[in-house]
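Residues per chain are reported as follows:
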Amino acid sequence: MSAHAVTVSTARTSVRLADGRELIYFDDAPGQDRSVPDLRELPAYAPAAELTYDVLHDEEVLVAAHRQNRTYQPAPGECPLCGSHSGHLSEIPAADYHVVSFENRFPSLGGPAGGRCEVLCFTSHHDGSFATLPPERLATVGRAWADRTAELGRRPDVEYVFLFENRGAAIGATLPHPHGQIYAFPYVPPTPRRMLAAAERFREAHGRCLMCDVVAREAAGPRVVAETDGFLAYVPEAARWPYEVYVAPRFCVPDLPALDAAQRDELMRLYADVLRRFDALYEHPTPYMACWYQAPARTKRDAAHLCARIYTPQRTADKLKFLATSETGGGAYINDVLPGAAAARLRAI
């Protein structure tokens with residue numbers, strides 16, 4: 001597809017940016033004109049990430065030195081994730097938008113490494129947050145996540161689609177605009193790989209789903225934070241972080257595309273509810289990391305059970321939990337907050 005070409009399907013519009021990258025508009029409803037061209041002069045897009053392997057730890061490591069030059073905390077009015085208007089040309093050609101996903105200009109994947117990195121903007125409002133999105137926008141984000149999971153998972157160089165959000169400078173977010181990222185890995189990353197292996201061992205030993213077992217047990221216990229008919233939010237017994245919550249279906253489902261629209265909307269509302277509780281912990285916005293564990297694109301899909309995980313290093317209003325040598329060198333996490341106390345505080349908000 002040539003630069004600026006447009007393909008439209010109901011409330012989904014795919015365009016090409018000036019350097020050849022794809023950008024997709026996801027709208028709350030059809031009828032939006034998304035044919036605005038990208039007027040910037042950019043060199044051709046050429047991702048240069050490399051995939052290496054650590055034989056001592058039996059883990060893959062990505063090297064993407066070009067990311068040293070990525071945009072960091074831009075000045076007011078120069079945000080690359082706001083719409084293009086008043087002479088400001090950003091990554092999004094339209095002046096306003098609902099949800100967009102586009103190929104990351106500074107990717108950790110692509111090129112020799114394979115895979116693809118995308119940025120997904122939740123709203124055009126620079127000072128907003130995921131927690132404050134209206135119901136129709138939550139539904140659009142859920143639809144966008146399901147779309148990208150399915151489409152990226154069909155690529156021959158992708159084995160695992162990982163959705164995540166880093167919010168707050170305290171945990172290293174380089175842009176304050178409300179957004180998340182999508183890493184379409186050419187391999188299954190270590191953490192979901194270990195989770196899948198544990199699920200397979202449990203099913204072999206007990207003949208049932210591990211996450212279904214955990215959700216049923218947590219639903220009857222003291223660490224429930226919030227719930228709906230189909231989904232549960234809870235603090236895990238072995239929480240690694242001061243405040244950590246899993247959001248999971250009460251039924252077996254491998255990934256977001258496997259949910260119907262009503263189920264996905266219910267899940268998104270509960271997920272946003274948990275984020276609002278995180279934001280109410282302190283008088284300032286709570287920095288957090290959030291990610292979605294889904295089934296791999298082609299393998300071990302029967303072992304997977306969709307869930308989201310949200311956690312913050314903010315252990316008190318003015319103190320952060322840092323991952324020091326015990327955690328990073330030994331892999332031994334030490335939590336400063338009792339999981340039951342964290343659940344009680346989040347539940348009471």
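Keep in mind that what you see is a predicted model, and the values were worked out from it rather than measured.

J.: Explain the overall build of the protein chain here, please?
T.: Along the backbone of the protein chain there are 6 helices and 16 strands. Its C-alpha radius of gyration of 20 Å places the protein chain within 12% of the 20 Å reference for a compact globule of 349 residues. Overall, the protein chain is about 55 × 45 × 40 Å in size when its C-alpha atoms are taken along their principal axes. Split into buried and exposed, the 349 residues of the protein chain put 51% on the buried side.

J.: Hey, could you run me through the nonpolar core in this one?
T.: Considering soluble globular proteins, one finds that nonpolar side chains tend to be buried as a cluster. Membership of the largest hydrophobic core comes to 51 residues, with the highest contact counts inside it found for Phe130 and Trp145. A per-element tally of this core places helix α4 (residues 261-279) first, with 8 residues. Leave out the neighbours within four places in its chain, and Phe130 touches Phe122, Leu138, Val141, Trp145, Glu165, Met268, Tyr271, Ala272, Leu275 and Tyr288.

J.: Sorry if this is basic, but what is going on with the packing of helix α1 (residues 135-153) against α4 here?
T.: Any two packed helices are characterised by how steeply their axes cross, that is the angle between the axes, and by the distance between the axes. Running from amino to carboxyl end, α1 crosses α4 at an angle of 115°, the nearest separation of the two axes being 9 Å. By the angle class used here, α1 and α4 are roughly perpendicular. The chirality of how α1 crosses α4 is right-handed. Judged by residue contacts, Leu138, Ala139, Val141, Gly142, Arg143, Trp145 and Ala146 of α1 engage Arg264, Asp265, Met268, Arg269, Tyr271 and Ala272 from α4.

J.: Even after reading the chapter, I still don't get the side chain of His88, so can you show me in this structure?
T.: Counting through the fold element by element, His88 comes out in the loop between β5 (59-63) and β6 (99-103). You can call His88 buried: its relative accessible area is 19%. Polar side-chain contacts of His88 include one of 2.8 Å to the backbone oxygen of Cys79. When near neighbours in sequence (up to four residues on either side) are disregarded, His88 contacts Gly77, Glu78, Cys79 and Gly83.

J.: How should I be thinking about the pattern of salt bridges in this particular structure?
T.: Proximity of charged atoms lets side chains of opposite charge pair with each other. One pass over the structure, following the stated rule, counts 30 salt bridges. The residue Arg223 makes a salt bridge to Glu218 at a minimum N-O spacing of 3.1 Å. The two residues Arg223 and Glu218 agree in class, both being buried. Bridged by salt links that share partners, the residues Arg12, Arg16, Glu22, Glu103, Arg116, Glu118, Asp147, Arg148 and Glu151 form one connected network.

J.: Could you clarify how one ought to interpret the packing of aromatic side chains in this entry?
T.: Think of a pair of aromatic rings as described by two things: how far the centres are apart, and how the planes are tilted against each other in angle. One pass over the structure, following the stated rule, counts 17 aromatic pairs. One aromatic cluster is present, formed by Phe162, Phe164, Tyr183, Phe185, Tyr187 and Tyr293 through successive ring pairs. One cation-aromatic arrangement involves Arg240 over Tyr333; the distance from NZ or CZ to the ring centre is 5.2 Å. Over the face of the ring belonging to Tyr311 we find Arg309, whose NZ or CZ atom lies 4.5 Å from the ring centre.

What counts as what
Residues numbered from 1 in each chain as written. Predicted model: local features only at pLDDT ≥ 70, side-chain atom pairs only at ≥ 80, totals over all residues. Heavy atoms only, no water. Helix = DSSP H or I, 4+ residues; strand = E, 2+ residues; numbered from the N terminus. Rg over C-alpha atoms; globule rule 2.2 N^0.38 Å. Buried < 20%, exposed > 50% of the residue type's maximum accessible area, 1.4 Å probe, protein only. Core = buried A, V, L, I, M, F, W, Y, C linked by side-chain atoms within 4.5 Å. Contact = heavy atoms within 4.5 Å. Axes fitted to C-alpha atoms, helices over the stretch in contact; angles between N-to-C directions. Parallel < 35°, antiparallel > 145°, perpendicular 65-115°, else oblique. Left-handed = near helix turned anticlockwise from the far one by under 90°. Polar contact = N/O pair within 3.5 Å; in protein donor to acceptor, adjacent residues only side chain to side chain. Salt bridge = Lys/Arg side-chain N within 4 Å of Asp/Glu carboxyl O. Phe/Tyr/Trp six-rings, centres within 6.5 Å; stacked < 30°, edge-to-face > 60°. Lys NZ or Arg CZ within 6 Å of the ring centre and 35° of its normal.

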